[in-house]
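Coordinates in review
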Amino acid sequence: MTIGDIKETLGAKLIVGEEWMSREVHTACGSDMMSDVLAFMKDQSVLLTGLCNLQVIRTAEMMDIVCIVFVRGKMPDGAMIEMAKQKEIALLSTGHRMFSACGMLYEKGLRGGAPYR
Amino acid sequence: MKDTEDKITLFYKIPGNDFTRAGEASSNVKSKLKMMGVRPDIVRKVAIAMYEGEINMVIHASGGTIEVIISPEEIEMILKDQGPGIEDIELAMTAGYSTAPDNIRNLGFGAGMGLPNMKKYTDEMSVESQVGIGTTVTMKVKII
Ligand SMILES: Nc1ncnc2c1ncn2[C@@H]1O[C@H](COP(=O)(O)OP(=O)(O)O)[C@@H](O)[C@H]1O
Ligand SMILES: [Mg+2]
């Protein structure tokens, strides 16, 4: 699945990353707690979150996450957009809630990795 | 080979209580390691471990200092603060244990996974702490 596919599936608004729409996404993670996101190293993943502050971008940067989807219509501010551009992280915003957004991507074949323990 | 000749030391002052800026030092280290051509999975481990430590300094200890020593064999991170200290280190290391207030939890941290994550992503980790004096966390990630 590509970032563009995610955008389409979620009817999401593109905020940053027009030029990265064809980038591949292999796994997904949905959480509002950043340490939970940081607990599992995954390759080329997308983060779905209802949290909207600079540390979400920082967390994505540390994890090499390629795309962040803000759920429930949350919109990042200027500083977040600037940092995302600099770190080449695509930003999307969807009106769907976390559960629905995750479900829609799961239905399209995106997975979250192995269960804990 | 002489040890001191192929070591690079980076030093950061972490401002306290400035949550917005937390992570700048870790971000800087990540970029530097990347530029040095360190393996991406190692860069990521160092970045995550240091980021969790940096966040802890900001939210629990009103800032501190971080020294990163890069050698051909390993990357060492020394995080020092003069915060309140940790009374029971073993308890603090338990997954899910946190004394973070609700306002921090609303910012996405305080799940009590920071110290466990730091341990998970590093090859060696030690926590020394004295109540009322401060905390020093030392972490090492092996390159070879
Ligand atoms: N540098 C520090 N100074 C004082 N206390 C700390 C420090 N780092 C961690 N702690 C204590 O250890 C607990 C667990 O830390 P951590 O696993 O990172 O979880 P969290 O930061 O989410 O609370 C913290 O809630 C805090 O009580
Ligand atoms: Mg923490």
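Coordinates for the structure precede this section.
Predicted model only: the values in this text are computed from it and were never measured. (Residues numbered from 1 in each chain as written. Chains lettered and ligands numbered in written order. Predicted model: local features only at pLDDT ≥ 70, side-chain atom pairs only at ≥ 80, totals over all residues. Heavy atoms only, no water.)

Looking only at helices and strands, one finds 5 helices and 5 strands in chain A. Written out in order from the N terminus, the α and β elements of chain A read α-β-β-α-β-α-β-α-β-α. In terms of principal-axis extent, the alpha carbons of chain A reach across some 35 × 30 × 25 Å. When the 117 residues of chain A are sorted by exposure, 54% land in the buried category. By sequence separation, contacts in chain A at least 24 residues apart represent 49% of the contacts at least 6 residues apart. Put simply, chain A shows about 5,400 Å² of open surface, and 51% of that area lies on carbon and sulfur atoms. (Helix = DSSP H or I, 4+ residues; strand = E, 2+ residues; numbered from the N terminus. Buried < 20%, exposed > 50% of the residue type's maximum accessible area, 1.4 Å probe, protein only. Contact = heavy atoms within 4.5 Å. Areas by Shrake-Rupley, 256 points an atom, 1.4 Å probe, with all protein chains shown as cover.)

What follows covers the sheet that holds strand 5 (residues 90-93) of chain A. Residues and elements named next belong to chain A. Spatial strand order, 1-5-4-3-2: 5 strands in an open sheet with mixed pairing. The open sheet terminates on both sides in strands that have one partner only, identified here as strand 1 (13-16) and strand 2 (27-30). Within this sheet the neighbouring strands show an average axis-to-axis angle of 25°, counted without direction. Note: strand 3 (residues 45-49) against strand 4 (residues 67-70), 4 bridges, orientation parallel. The residue of strand 4 that forms the bridge with L48 is V69. (Pairing = 2+ DSSP bridges. Axes fitted to C-alpha atoms, helices over the stretch in contact; angles between N-to-C directions.)

Once that is clear, we can look at the packing of helix 3 (residues 54-63) of chain A against helix 2 (residues 40-61) of chain B. When two helices pack together, their arrangement is captured by the angle between the axes and the distance separating the axes. At a closest axis distance of 8 Å, the pairing of helix 3 of chain A and helix 2 of chain B adopts a crossing angle of 150°. Judged by the inter-axis angle, helix 3 of chain A sits roughly antiparallel to helix 2 of chain B. Across from A:Q55, A:R58, A:T59, A:M62 and A:M63 in helix 3 of chain A, the residues of helix 2 of chain B making contact are B:R44, B:A47, B:I48, B:Y51 and B:I55. (Parallel < 35°, antiparallel > 145°, perpendicular 65-115°, else oblique.)

Residues and elements named next belong to chain A. Even without glycine at this site, Q44 takes up a positive phi of about 45°. If you trace the backbone, Q44 turns up in the loop between helix 2 (34-38) and strand 3. Residue Q44 is classed as partly exposed on the basis of its relative accessible area, which comes to 34%. Even without glycine at this site, R72 takes up a positive phi of about 55°. Within the secondary structure, R72 sits in the loop between strand 4 and helix 4 (78-86).

Keep in mind that these numbers describe shape and distance, not what the molecule does.
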